[in-house]
Amino acid sequence: MAEGCSHTLEYLGDQKTDVGVNKYFRCVKCGDVFVQTADEAKTYRIPGVKGSQTPR
Ligand SMILES: [Zn+2]
């Protein structure tokens, strides 16, 4: 896993929801995806979402 990754986040885009806008980021180093919810109270990490990219 990406222990010690300092997470360099790349802004992917946002998605409108009923309550606001969720913002999506991806770490360019480890490929984890982060979702910042509309209320910005929580940021969810979605580990191992590498998609078509294959970071080391
Ligand atoms: Zn990372």
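The shown structure was predicted, so the numbers you read here are calculated from the model rather than taken from an experiment.

A. Representation of the overall build of the protein chain within the structure. Across its full length, the protein chain carries zero helices and four strands. Secondary structure elements of the protein chain, listed N to C terminal, follow the sequence β-β-β-β. A burial count over the protein chain gives 5% of its 56 residues as buried. Expressed as a percentage of contacts within the protein chain between residues at least 6 apart in sequence, the contacts between residues at least 24 apart total 16%.

B. A look at the environment of Leu-9. Along the chain, Leu-9 turns up in strand S1 (residues 9-16). A tally of 16 C-beta atoms within 10 Å means that Leu-9 is categorised as partly exposed. When the C-alpha positions of Leu-9 and Phe-34 are compared, they lie 8.4 Å apart, and in sequence the two are 25 residues distant. Discounting residues that sit within four places of it in the chain, Leu-9 has contacts with Phe-25, Arg-26, Cys-27 and Phe-34.

C. Inspection of the confidence of the model for the protein chain at higher detail. Confidence in the prediction for the protein chain averages 83 pLDDT; 80% of positions are at 70 or higher. Mean pLDDT in the protein chain bottoms out at strand S4 (residues 43-46), which sits at 87, and peaks at S1, which reaches 95.

D. Just the sheet that holds S4, in detail. As summarised here, the arrangement of the four strands in space is S1-S2-S3-S4, forming an open sheet in which the pairing is antiparallel. A single partner strand is all that each edge strand has here, and the edge strands are S1 and S4. When the angles between neighbouring strand axes are averaged without regard to direction, this sheet yields 20°. Across seven bridges, S1 lies against strand S2 (residues 21-27) in antiparallel orientation.

E. Local environment of the environment of Val-19. Among the structural elements, Val-19 can be located in the loop between S1 and S2. What makes Val-19 exposed here is the crowd of 9 C-beta atoms within 10 Å. Sequence-wise, Val-19 and Ala-38 are 19 residues apart; in three dimensions their C-alpha atoms are separated by 6.6 Å.

Parameters at a glance
Residues numbered from 1 in each chain as written. Predicted model: local features only at pLDDT ≥ 70, side-chain atom pairs only at ≥ 80, totals over all residues. Helix = DSSP H or I, 4+ residues; strand = E, 2+ residues; numbered from the N terminus. Buried ≥ 20, exposed ≤ 12 C-beta atoms within 10 Å, placed from the backbone. Contact = placed C-beta atoms within 7 Å. pLDDT = per-residue confidence, 0-100. Pairing = 2+ DSSP bridges. Axes fitted to C-alpha atoms, helices over the stretch in contact; angles between N-to-C directions.

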